[in-house]
Amino acid sequence: METVLPDLRGKIVVLYLVNRSLDHVAVMEDPHFEMLGNRLFIIGTVPEGTSPNDWAAGVTSNVAWDRVEEYLVFDSLEEYLSRASAAWDETVYQ
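To start, this report covers the structure provided alongside it.

Rules used throughout
- Residues numbered from 1 in each chain as written.
- Predicted model: local features only at pLDDT ≥ 70, side-chain atom pairs only at ≥ 80, totals over all residues.
- Heavy atoms only, no water.
- 1 Å grid on protein atoms, 1.4 Å probe; cavity = no way out; pocket = protein on both sides within 12 Å on 5 of 7 lines; lining within 4 Å.
- Points joined across faces, edges and corners; volume = space filled by probe spheres on them.
- Helix = DSSP H or I, 4+ residues; strand = E, 2+ residues; numbered from the N terminus.
- Phe/Tyr/Trp six-rings, centres within 6.5 Å; stacked < 30°, edge-to-face > 60°.
- Buried < 20%, exposed > 50% of the residue type's maximum accessible area, 1.4 Å probe, protein only.

Thoughts on the layout of surface pockets
Taken as a whole, the largest pocket holds about 810 Å³ of empty space. Looking at the largest pocket, it is lined by 30 residues, and the ones nearest its centre are D23, H24, V25, A26 and V27. The greatest single-element share of the lining of the largest pocket, amounting to 6 residues, is contributed by helix α1 (residues 77–88).

Dropping the structure here:
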C-alpha cells in the first residue's frame, strides 16, 4: 500500500506531538516532507507571532512525522492568529 502524504505547501500547520502537553505545540509555515536518516520529517519555518517574543521566527523547524499525534491546517497566518487569540479570549469561556 502506497503512503499518501498531505500537501501542506502554503499552509500554516499546528502539530500536537506524542507525549507532549497540549499547550506545547509546533507551528510551521509552508511545510513539506523529507526523509532524513531513514525517517520521515515534516519541515517548515516558524512564523512570526507564534513563539514567545518571536525568538524562533524564521527558523527552520523539523519534526519527525511519527511523533505527530494530531495536526491542524490553516490557510493563512492571519487565520491561525485570529483563532489562536480567540482561544485565549476570556469571553469564549464565559
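Details of the packing of aromatic side chains
A complete count under the given rule lists 3 aromatic pairs for this structure. Between F33 and W65 the ring centres are 4.9 Å apart and the planes differ by 85°, which places this aromatic pair in the edge-to-face class. Of the two residues, F33 sits in strand β2 (residues 25–36) while W65 sits in the loop between β4 (60–64) and β5 (68–74), which places them 32 residues apart along the sequence. W65 carries the same exposure label as F33, and that label is buried. A centroid spacing of 5.4 Å and a plane angle of 70° characterise the contact between F74 and Y80, whose relative ring orientation is edge-to-face. Here F74 falls in the buried class, since its relative accessible area comes to 9%. Assessed through its relative accessible area of 14%, Y80 is described here as buried. Aromatic rings pair up to connect F33, W65 and Y71 into one cluster.

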